[in-house]
Amino acid sequence: MDTALLATKLLRPRLRPDVVPRTRLAEVLDRATQSPVTLVSAPAGFGKTTVVETWLRGIHRPVAWVSLDGSDRDLSRFLPYALTALEQVVPGSMSAALTLATSSREPVETVLTGVVNELSVYDGELTLALDDYHLADSPDVARAMTFLVDHLPPQLHLVLTTRADPALPLSRLRARGELAEIRAADLRFDTDEVAAYLNDLHDLGLPAHAVSALETRTEGWVAALQLAMLSLRERGDVSQFIDRFTGDDRFVVDYLADEVLGRQPDDVRRFLLDTSVLERLSAPLCEALIGEPGRAHTMLERLDRENLFLVRLDEHRRWYRYHHLFADVLRAHLHRERPSDVAELHRRASRWFAESGAVEDAVRHALAAGDSAQAADLVERALPDLQRTRREDVIRRWADALPGEVLGNRPVLALGLVGGLMASNDLAGVEDRLRQVEQMLARPEAELVVVDPAERRSVPARVELYRAGLAVAAGDSAAAISSAGRAIATAPPGDDLTVASASGLAGLAFWATGDILAAHESYVVCARGLEPAGYLTDVLGCSLTIADMELALGRLLDADRTLRGALDLARRHSGSGPTLRGTADMLVALSRTAWHRGDLPAAARLLREAEGLGESAGLPQNPYRWRVAMARLRAAERDWRAALELLDDAERVYVGDFAPPVHPIHATRARVLATSGDVAGARAWAREHGIGTSDELSYLHEYEHVTLARVLLAEHHATGAGRSLHEAAALLDRLLVAARAGARGGALIELEALRALAHHAAGAEKLALDALGHAVDLAEPQGWVRLFLDSGPGMGELLGALASRRSDPSFVQHLLARRAGDLLPARAATESVAALPDPLSDRELDVLRLLGSDLAGPAIARELFVSLNTVRTHTRHIYTKLGVTNRRAAVSRAHQLGLLTRGAGR
C-alpha cells in the first residue's frame, strides 16, 4: 500500500453495541442485493453507515470499503483509495491500475478500463462500498465514477452512502432498473424500533405514549433519538422532558450546528435562516421572503438534492417543509443572529399568503410579525366565507389568538368571533362579548373600524340573534323566541342570513316546547333564506330537521319529498366537483323514510350510497346517524346482536348539535332489547335513565316514554305480569292525549298500534280493533308500514280481525303479508359474508374489530401481542379483501357484511 494512504480509511466500521435490528428494511435490502448500484442517501444522523455495514455482513460477499473525507475530492487521492480497497479483497487485480493511477498521466478512463477488465474475469462477486461519498463528489471524481458505473462488470456491486445525491447518472440507472435507493423515509425508526432502541437497548422503561411522542417529535431521526436518550439520562421527569423536547435541546443544537448548519456556504445558510419562519415552503413563497426572483427554485432543488432536512410534501416537488427539529434550530439561530429581521420576514410571508388566498397562513404570519391590525383586517374579511363553509374551528382559534385591544373598536370582527364561539358550543363569556359590542355601537362611527359597511348594518340584529342562541342553549324557549323575533325585526333589508338564522333558532325553541307546527314553519323560512345566502350545507342540515318534524307530524310523504329536494340541491351544486358536505346525511335520512315504508332493500342501498361518498360528504353527526340507521335494518332482520353493537358504536361516535335529542340512541337500544326478548336489559335501561310511568310528559322525552310502554308490554308478554300491562295501558293513554294535543301524527300511529296490543292483551278486543283501525286510517295515506311490523306479539292476529271489518282491506292485507314475511327479504340490509371471494382470516377479523375502535396502530399491536408491522400487514390484507382504501371505509364495509358481529366469519 502507498504510504500516503491512511490504512484506517480502508477498514470496515465496527458496529456499535446498541444497534436496533432493522428487519423492516429486509425487503428493501434484498432488492439492493440484486442491483448493480445501491444509493443510501439521507441527511446526517440517519444511520446510513450502520445499516449498510449490518447488511453487508449478512450477505457474506467480499467488501472493499473506503471511508471518504474532503481530501478525496482530488481524483489523485480518491482513485488510489478505491483501487487499494479492491486490491485488498482481490489480491493482484489492481496492481497495474494502481501503477497507472499513481505514476503516470494516463486518462482516468484508461485506468478504469483496466480495472473493469480485471474484475470482469473475477470468479465471484464483490462489493465496493464508498462511505460519505458526498465529501469526495468533485467533478473529476464524478467523471471517473460515471465511467465506472457505465461499464460496471457484473461481478462488482457499488454501494454509496451519502448526505447528498451524487453527480452520477441516477435517472438513467433508475430507468434501467439498475439502481436501488434507500432514503431518509426508509431509514426513519418506526414506533417499534424507537421502543427497541430506548427500552430494550438502553433500558429506559418508557411507557408506550412516551415512545410514541418521541417518535413524533424526532420523526424517527436516529441521531435525534440518540441525543434525546443522552438527555433523558440526566432528567428525573421523563414526561416533562419529552413534552419539551424540541430543536433547542442543547445536544440537538450542538449536533445540527456542527454537522449541518456550520458546513453550509453563506448563501445557503442565509436562505435556510430566512425561510425558517415558514411551516411549508414553495419556490414563489421563498422568493417573496428573500427578494431575489429566480433563485429560490434552484436553492430548494439544491437543499433537496443535498438532503438538508427538507421533506417533500407533494410528488411534484412544489411544497416542502424542514424537519421539525432542524426548523427549531434554524429559528433559534435566526432569532439570535438577526432578531430585527424576524418580523419583516413574517410580514412578507403574510402578504404572499394573503395574495394567494391562504388566509389562515396569512393571519398566522401577521400575528407572528406583531401586526395585529393586519391580522384583524384579514380575519374580518375572511369571516363570511369561513362561516359559510362551517370553519368554526378556525374562527374559534382566532378568537383566542387576536389580542383583546384590537377588538375594542371593531364591532363586526368582535361579533364574527362570537359566532365562531357559539358554533363551537363555547358559550362562556359570550354575553360579555355581546355587551361589549353594544357598547361599541354607542360610540361615534368615526371611532369604529369596519372593513365592510354592509356587515356593520347587520350588527344590532346579530347581537339579538346570538342572544337567541344563548337562550336556546340554556333551555329558555320563551327568551329564544323573543330574541329571535327582535333579530328578524331589526335585520336590514337583504340580510337573508340573519333572518334565516333567527328563524332557525325560533324553530328550535318551538320544537323544544313540542309546538312542531310552529317549529316547522320557522325552519322552512330558515332554509329558504339560507339558500340565496349561499349556505347550502346549512340548507341540508335544516332539511334534516324539517324532515324529522314532518315524520313527527305523521307526514311521511312530505319528509321524503323534503329530503329528495335537498338531495337534488346538493347534486346540482356539486356537479362534477367535490360532493357538497351534508349529501351523505340526506341519503341516510332517506334510508329512514324507506325503512318506515318497509322498503328495506332501498334503505340498505341508500346507506351504501352514503358510505360510498366518503367522510367529507357527511356532517359531523353523520357517523352516528349512519350506524343508527344500519342498526334499524339489522333489527328488522332480527339480527339483534349486530344491531346492538352498531348502537353501541353509534354512542361512541355521537356528536350533538343544537337540535334537541328527541330520539336518543339509548332508547333505541332499549327497544331492540325489548323486541329481542331481553326484557331485563330493557328494564335496566329505564332504571338507569330514570324513565318512569308517572313522569310528567313532554315532547322532548316522548320517544323514551313510548319506549317504556313497549318494554312494559314485552314484560307482560314474557311474564304475564298484570301490573306491567296496566302501567303500559295507562302510560299509552296519557301519551295519546299529549300527542293529539300536539298534532303529532307519527306518534299517534305508533301509540294507537301499541294501545291496540294492550287492549288485546287485556281481552278488550273491540277497543283493540278501534285503536288499530285509527292507526291504520292515519298510516295508510302516507304509507307507514314499519310501525306495524315492529309493534309486538298479537299484531298479526289483530290485523287479521281488522281486515274482515274494513270495506277496503288492501292496506291491512299488505301489512299482514309483510308481517308473515312473504315480502320481507332476508338480510336486505347486508350482503352475504360468503360474497367475499377471499374471506378474512381469524386474525384479520381480530384486527378489523379493533380498527373499529379508537385504538391507534401501536395500541392495536399491544392489544393483540403482535408487532406494529404485523398489524399493518393484516390491515393491508383487510383493505384488499374488502375493496377499500381506508380504516373508516373498512369498518363500514364490515358492518354491511356483518363481519363485526362477534363470532362472524368463524
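Residues numbered from 1 in each chain as written. Predicted model: local features only at pLDDT ≥ 70, side-chain atom pairs only at ≥ 80, totals over all residues. Heavy atoms only, no water.

Per an unreviewed UniProt entry, the protein chain is named LuxR C-terminal-related transcriptional regulator, and its organism is Ornithinimicrobium cryptoxanthini.

**Student:** Before we move on, can you summarise the environment of A442 with the specific residues and values?
**Tutor:** For A442, the position within the fold is in the loop between α24 (430-441) and α25 (453-457). A residue is classified by how much of its surface remains accessible, and A442, at 68% relative accessible area, is exposed. When the C-alpha atoms of A442 and L557 are compared, they prove to be 51 Å apart, with 115 residues separating the residues in sequence. (Helix = DSSP H or I, 4+ residues; strand = E, 2+ residues; numbered from the N terminus. Buried < 20%, exposed > 50% of the residue type's maximum accessible area, 1.4 Å probe, protein only.)

**Student:** So, helix α26 (residues 459-474): which residues are in play, and what are the values?
**Tutor:** Across its 16 residues, α26 extends 23 Å between first and last C-alpha, which sits within 8% of the 22 Å expected from 1.5 Å per residue. Most of α26 sits inside the fold, with 13 of its 16 residues counted as buried. Remark: G475 follows α26 within two positions and exhibits a positive phi of approximately 80°. (Expected span 1.5 Å × (residues − 1).)

**Student:** Run through empty space enclosed by the protein, naming residues and quoting values.
**Tutor:** A full pass over the atoms with the stated rule returns 4 cavities of 30 Å³ or more. Quantified by volume, the largest cavity comes out at close to 650 Å³. If you go around the largest cavity, you meet 33 residues; those closest to its centre are W595, R671, Y703, E750 and L787. Taken together, the elements giving at least two residues each to the lining of the largest cavity come down to α30 (536-552), α32 (583-597), α34 (622-636), α35 (640-652), α36 (665-676), α38 (702-719), α40 (745-762) and α42 (786-789). Of the residues forming the lining of the largest cavity, the biggest block, 5 residues, is contributed by α34. Classifying every residue of the lining of the largest cavity by side-chain character gives 17 nonpolar, 5 polar and 11 charged. Taken as a whole, the second largest cavity encloses approximately 80 Å³ of empty space. In this structure, the second largest cavity is lined by F78, L79, A82, L83, L86, L112, V115, L128, A144, M145, L148 and L156. Among the elements of the structure, α3 (75-89), α5 (108-119) and α6 (139-150) are those that each provide at least two residues to the lining of the second largest cavity. (1 Å grid on protein atoms, 1.4 Å probe; cavity = no way out; pocket = protein on both sides within 12 Å on 5 of 7 lines; lining within 4 Å. Points joined across faces, edges and corners; volume = space filled by probe spheres on them. Nonpolar A, V, L, I, M, F, W, Y, C, P; charged D, E, K, R; others polar.)

**Student:** Please give an account of the sheet that holds strand β2 (residues 63-67) that cites residues and values.
**Tutor:** Here we have 5 strands laid out as an open sheet, ordered β2-β3-β4-β1-β5, and parallel in their pairing. Only two strands of the sheet have a single partner each, and these edge strands are β2 and β5 (179-183). Recorded for the sheet is a direction-independent mean angle of 15° between the axes of neighbouring strands. Pairing analysis gives 5 bridges linking strand β3 (residues 126-131) to strand β4 (residues 156-162), with the strands arranged parallel. Across the sheet, residue L128 finds its bridge partner in β4, namely L158. (Pairing = 2+ DSSP bridges. Axes fitted to C-alpha atoms, helices over the stretch in contact; angles between N-to-C directions.)

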